[in-house]
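Close look at the chain arrangement
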Amino acid sequence: MIQNLVIVESPAKAKTIGKFLGKDFQVLSSYGHIRDLSPHKFSVDIEHGYAPKYEIPTDKKKLVKDLKSAASSAEVIWLASDEDREGEAIAWHLSEVLDIKDKTVNRIVFHEITKPAIQNAIQNPRSINNDLVDAQQARRVLDRIVGFELSPVLWKRIKPSLSAGRVQSVAVRIIVEREREIAEFKTQSQYKTTAQFLLSDKKTILEAELNHKFSTEEEARQYLELCSKGQFKVRDIVKKPGKRSPAGPFTTSTLQQEAARKLGYSVAQTMRIAQKLYEDGHITYMRTDSMNLSALAINDLSNLIREQYGEQYLQVRKYHQKAKGAQEAHEAIRPTYVSKEKIAGTAQEKKLYDLIRKRTIASQMADMLTERTTIYIESEGLDHHFSALGEVVLFSGFYSVYKEDTDDDQPQEENTNLLPKVEINEALTLKEAKSTERFTQRPARYTEASLVKKLEELGIGRPSTYAPTIQTIQQREYVIKGDREGKKRNYVQLELKDKQINKTELTETYGADKNKLIPTDIGIVVNDFLVEQFGGIVDLNFTAKVEDEFDHIAEGKLQWNKVIDSFYKKFHPKVEEAASISKQEERVGERILGTDPKTGLQVSVRIGRYGPMAQLGTTEDEDQKPRFASLPQGKSIVTISLEEVLDLFAMPKDLGEFEGKTITIGIGRFGPYVRHNNKFVSIPKGTDPLDVTYEEAIELIKNKREAEEKSIIKIFDEEPDLQVRVGRFGPYIKYQGSNYKIAKGTDAQQLSLDDCKKIIEEAPKKKSRAKSSKTTKSKSSKKATK
DNA sequence: CAGTGAGCGAGCTTCCGCTTGACTT
């Protein structure tokens with residue numbers, strides 16, 4: 001029998017701690033929360049003080065049973081969940097669920113997984129902080145009320161299965177508002193002037209920029225004309241020391257940002273890889289908002305920097321978290337053994353480890369020191385002056401190990417920009433000058449990582465939820481990760497050379513975007529509805545405000561259910577009101593575009609049961625049922641024109657006969673298609689279905705037939721319904737409309753009819769396949785039933 | 001897998017934060 005049972009949150013942590021504590025301690029893990037509100041039921045008793053009804057999730061039942069039996073045979077139980085609101089609640093749930101009436105229950109905490117930290121924790125046990133637990137309950141209940149009251153309003157007013165919540169709805173709002181700023185952005189242009197001067201040796205060139213931008217071409221031209229007569233000289237040379245400091249060690253959000261910028265990983269990908277590194281013992285915990293490093297780690301880092309770079313490169317620093325609502329229960333993300341330069345693993349794991357390691361080392365290194373030189377150039381009688389900037393690195397410091405990227409698309413300016421030697425009052429000859437029209441840049445669309453950064457700044461969401469939140473808003477189709485093609489524009493360049501000014505018109509592409517978060521029609525309509533009806537909840541500062549109240553609860557100054565009550569009394573009537581109107585009474589987000597000149601029927605667009613749609617005619621019209629059409633990819637209910645909608649109703653379009661059957665063009669659930677003899681061929685992306693000619697349609701049909709023929713490996717005369725084919729995932733059997741997987745390593749060519757039938761019979765029974773394909777992506781719902 | 005969208009109604013969808021695997025295609 002083991003005397004002491006320690007329970008932590010993560011199994012990897014349990015393993016390490018077990019080693020530190022020795023034989024008298026058994027260390028187990030709770031795998032996060034062990035109890036929660038039911039995923040299907042409201043589970044908050046509004047009438048009785050908002051009492052939450054907790055249950056043990058089915059997939060946690062066995063774990064809780066095991067923990068119980070371990071607890072029953074131990075004398076002292078140490079609850080060592082994280083030192084934050086959630087961790088305190090986990091400890092409390094454990095103390096409630098495990099049968100431990102007559103046992104000693106000690107609550108202990110540590111911020112780092114080191115032997116001294118853990119021994120110290122064991123020396124200083126306390127009891128559970130009930131105020132902190134209450135703050136967590138308030139957070140949990142508030143989120144449940146918001147999510148489970150708001151979402152049904154959306155089902156009723158807009159479309160089923162939608163969702164809203166304190167975090168996700170603000171994330172969507174940020175993206176929708178940015179898109180509006182982009183749409184409303186008025187670009188302006190200014191003329192930026194640069195010049196090349198020759199030094200007195202008549203050979204060396206000095207490049208400089210004018211400290212003024214002209215708003216019109218005329219002004220720029222006049223200035224260049226003055227320049228052509230100017231007598232330039234060096235007015236002053238100013239030298240200033242410059243320095244740059246390293247960024248702090250990684251937290252979850254900064255790791256996600258840098259991994260996206262430097263390695264191109266998605267937020268979810270970064271977390272998956274980091275999880276593996278953590279489990280393999282290479283890095284500390286990856287879900288953290290702290291920049292703290294343990295004394296042990298700082299010691300290791302100091303030794304490494306001294307040895308590999310020298311004493312002058314070492315500068316021990318302490319970083320402080322600026323993010324709102326940070327709870328700092330863990331260390332920063334760092335290598336467990338910084339001396340380990342390379343790890344075993346996949347290429348992705350190695351790259352991420354290297355990034356974490358270099359960032360951690362750099363964080364304890366000296367500043368980079370530079371000397372910045374500015375040469376001021378002027379001519380008598382001329383307003384404004386030119387200046388040439390140079391920067392020389394005097395001491396590289398942390399910069400030799402790691403440099404942080406920025407989100408700007410602009411290339412980084414070079415750091416070592418040497419300037420030629422000049423003297424004050426040295427006469428310079430203007431070799432040439434250019435005045436180029438430059439445009440102001442529209443705000444940038446968010447990437448996954450820059451959205452995480454924004455959310456963190458607002459104190460919305462936690463390290464463990466950034467990646468899932470981004471997944472949710474994409475899954476609900478509020479936002480898609482997409483590309484936008486750049487547009488072309490002309491700009492003017494005036495060139496002064498040999499006393500002549502030449503004007504050229506050049507073209508540039510601008511505004512192209514790749515893999516950026518773009519709101520969908522559904523996202524826009526849902527957001528506008530929420531902003532209008534529930535502005536307080538989707539307010540960017542809502543979380544910060546309630547966090548303040550949670551803090552007061554944690555300090556014992558407020559009662560948690562009173563906080564919830566005053567919120568609910570204001571919130572619930574708004575829910576009732578919003579839910580009292582039906583979809584038919586008021587169509588959220590509907591746009592009426594006009595009337596069809598041919599029929600005189602009303603043309604409108606809105607969000608329908610299956611997404612954005614167009615409607616011809618109205619339901620009030622008794623004589624004529626309305627016609628409907630889905631909006632094709634790339635079209636939006638916000639911007640689509642009457643003409644474009646009328647084109648949609650021109651389908652299905654008859655193209656004529658081929659082999660005795662008619663060819664029709666239409667748009668279905670999976671996009672535009674050509675239909676012939678009950679067979680469908682997709683029309684490739686980028687082609688307007690209305691532009692497809694009779695000849696092109698036949699071409700598409702023939703191509704499809706050819707591809708189909710090629711895909712058939714084997715066919716049996718006795719059973720023409722059964723075919724062995726090869727597809728994207730390799731060979732498979734097609735039989736009566738269903739596909740069957742062929743086991744790896746089987747030679748599909750050699751299969752006999754009997755072999756195939758056997759494979760079909762032995763294939764696992766499919767569960768409600770037809771249903772799951774209709775409700776596009778309801779994977780999460782299946783998990784819950786299991 | 002491809003002409004859905006009205007209406008009838010049953011039953012379902014939904015939140016945020018802690019944690020890892022177990023699952024197909």
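Note that the coordinates shown come from a computational prediction; the quantities given were computed from them, not determined experimentally. (Residues numbered from 1 in each chain as written. Chains lettered and ligands numbered in written order. Predicted model: local features only at pLDDT ≥ 70, side-chain atom pairs only at ≥ 80, totals over all residues. Heavy atoms only, no water.)

1. So, the domain arrangement of chain A
You can read the domains of chain A as domain 1 (2–128), domain 2 (141–173 + 529–579), domain 3 (252–366), domain 4 (591–648) and domain 5 (716–786). Relative placement of domain 2 and domain 3: their C-alpha centres are 36 Å apart. (Domains from an automatic or database assignment.)

2. Some words on the side chain of Q493
Relative to the helices and strands, Q493 is located in strand β16 (residues 487–497). Here T436 takes part through its side chain, which lies 3.2 Å from a polar atom of the side chain of Q493. Each residue touching Q493, except ones within four places of it in the same chain, is listed here: K434, S435, T436, N502, K503, T504 and L506. (Helix = DSSP H or I, 4+ residues; strand = E, 2+ residues; numbered from the N terminus. Polar contact = N/O pair within 3.5 Å; in protein donor to acceptor, adjacent residues only side chain to side chain. Contact = heavy atoms within 4.5 Å.)

3. Considerations on the UniProt feature "site: Interaction with DNA" (unreviewed entry) in chain A
If you check UniProt for "site: Interaction with DNA" (unreviewed entry), the listed places come out as H33, R139, R140, D143, W155, R287 and R476 in our numbering. Spanning 444 residues, the named residues do not form one spatial group; their C-alpha atoms are separated by as much as 33.5 Å. Sequence-distant contacts of H33, that is, excluding residues within four places in its chain, are made with K60, E86, A89, I90, H93 and Q136. If you trace the backbone, R476 turns up in the loop between α13 (466–475) and β15 (479–484). (UniProt positions renumbered as here; feature names shortened; annotations may be inferred.)

4. Some thoughts on the nonpolar core
Formed by 130 residues in total, the largest nonpolar core has its most connected members in L154, I158, I283, L352, L451 and L530. Top contributing element to this core by residue count: helix α5 (residues 130–157), with 10 residues. In contact with L352, other than residues within four places in its own chain, are L255, A259, L263, Y265, T270, I273, A274 and L277. Judged by nonpolar contacts, the second largest core, of 27 residues, contains Y191, A208, A388 and L430. (Core = buried A, V, L, I, M, F, W, Y, C linked by side-chain atoms within 4.5 Å. Buried < 20%, exposed > 50% of the residue type's maximum accessible area, 1.4 Å probe, protein only.)

5. Side note on the pairing of strand β19 (residues 591–595)
When a strand is regular, its side chains alternate between the sheet's two faces. Sheet topology note: the β19/strand β20 (residues 602–608) ladder contains four bridges and is antiparallel. Across the sheet, the residue bridging to G594 is V603, located in β20. (Pairing = 2+ DSSP bridges.)

6. Things to note about the packing of aromatic side chains
Throughout the structure, instances matching the rule amount to 16 aromatic pairs. An angle of 70° between the planes, with centres 5.1 Å apart, marks the rings of Y278 and Y285 as edge-to-face. Centroid distance F398 to Y399: 5.6 Å. Interplanar angle 85°. Geometry classified as edge-to-face. Using a relative accessible area of 4% as the deciding quantity, one classes F398 as buried. Through pairs of rings, three or more aromatic residues link up here, namely F534, F542, F567 and F571. Directly above the aromatic system of Y402 lies the positively charged group of K262, at a separation of 4.4 Å from the ring centroid. Over the aromatic face of Y510 sits the side chain of R489, whose NZ or CZ is 3.9 Å from the ring centroid. (Phe/Tyr/Trp six-rings, centres within 6.5 Å; stacked < 30°, edge-to-face > 60°. Lys NZ or Arg CZ within 6 Å of the ring centre and 35° of its normal.)

7. So, the confidence of the model for chain A
Do not read the predicted coordinates in detail wherever pLDDT is low. Per-residue pLDDT for chain A has a mean of 91; in total, 95% of the residues score no lower than 70. Predicted confidence for residues 765–786 stays below pLDDT 50, and this span has nine contacts to residues more than four positions away or in other chains. (pLDDT = per-residue confidence, 0-100.)

8. Focus on the sheet that holds β20
The sheet built from four strands is open, its strands ordered β19-β20-β21-β22 with antiparallel pairing. Where the open sheet ends on each side, the last strands, each with one partner, are β19 and β22 (627–630). Taking each pair of neighbouring strands and ignoring which way they run, the sheet shows an average axis angle of 25°. (Axes fitted to C-alpha atoms, helices over the stretch in contact; angles between N-to-C directions.)

9. Quick notes on the packing of helix α1 (residues 11–21) against helix α4 (residues 115–123)
At their nearest, the axes of α1 and α4 sit 10 Å apart, and the two run at 75° to each other. Between α1 and α4, the angle falls in the class roughly perpendicular. On α4, the residues that touch I17, F20 and L21 of α1 are K115, I118 and I122. Across the contact of α1 with α4, the residue classes tally to five nonpolar, no polar and one charged. (Parallel < 35°, antiparallel > 145°, perpendicular 65-115°, else oblique. Nonpolar A, V, L, I, M, F, W, Y, C, P; charged D, E, K, R; others polar.)

10. Quick word on helix α17 (residues 642–649)
Taken residue by residue, α17 has L642, V645, L648 and F649 as its buried positions. The arc that holds every buried residue of α17, seen down its axis, measures 115°, which confines them to one face. Residues of α17 that are buried make contact with β19, β20, β21 (611–616), β22 and β24 (661–668). (Arc of directions from axis to C-beta.)

11. Re the protein's contact with DNA strand B
Taken together, 55 residues are adjacent to DNA strand B, and S10, H33, S161, Y285 and Y610 come closest. The sugar-phosphate backbone supplies 53% of the atoms of DNA strand B found within 4 Å of the protein. The contact in question runs from a base oxygen of DNA strand B to an N or O atom on the backbone of H33, over 2.6 Å. Between R144 and DNA strand B, the recorded distance is 2.8 Å, taken from a side-chain N or O atom to a base nitrogen. (Near = heavy atom within 4 Å.)

12. Here's the deal with the pattern of salt bridges
Counted by the stated rule, this structure contains 42 salt bridges. Here D405 ties to K262 by a salt bridge, and the two come within 3.6 Å at their closest N and O atoms. Of this pair, D405 sits in the loop between β13 (386–395) and β14 (427–439) while K262 sits in helix α8 (residues 252–263), and the two are 143 residues apart along the sequence. The class for D405 is partly exposed, based on a relative accessible area of 23%. Residue R334 pairs with E331 through a salt bridge whose shortest N-O separation is 2.8 Å. An identical accessibility class is assigned to R334 and E331; each is buried. (Salt bridge = Lys/Arg side-chain N within 4 Å of Asp/Glu carboxyl O.)

13. Some points on the environment of D99
By the element assignment, D99 lies in the loop between α3 (85–97) and β8 (104–107). Note on D99: relative accessible area 52%, which makes it exposed. In the structure, D99 is positioned 395 residues away from L494 in sequence and 83 Å away in space, judged by C-alpha atoms.

14. Considerations on the sheet that holds strand β25 (residues 671–676)
Sheet architecture is open: four strands sit in the order β23-β24-β25-β26, paired in antiparallel fashion. Each edge of the open sheet carries a strand with a single partner, namely β23 (653–658) and β26 (679–682). On average, each strand axis in the sheet is tilted by 30° relative to the strand beside it, whichever way the strands run. Taken together, the four bridges between β25 and β26 define a ladder with antiparallel strand orientation. Residue pairing in the sheet places H676 in a bridge with K679 of β26.

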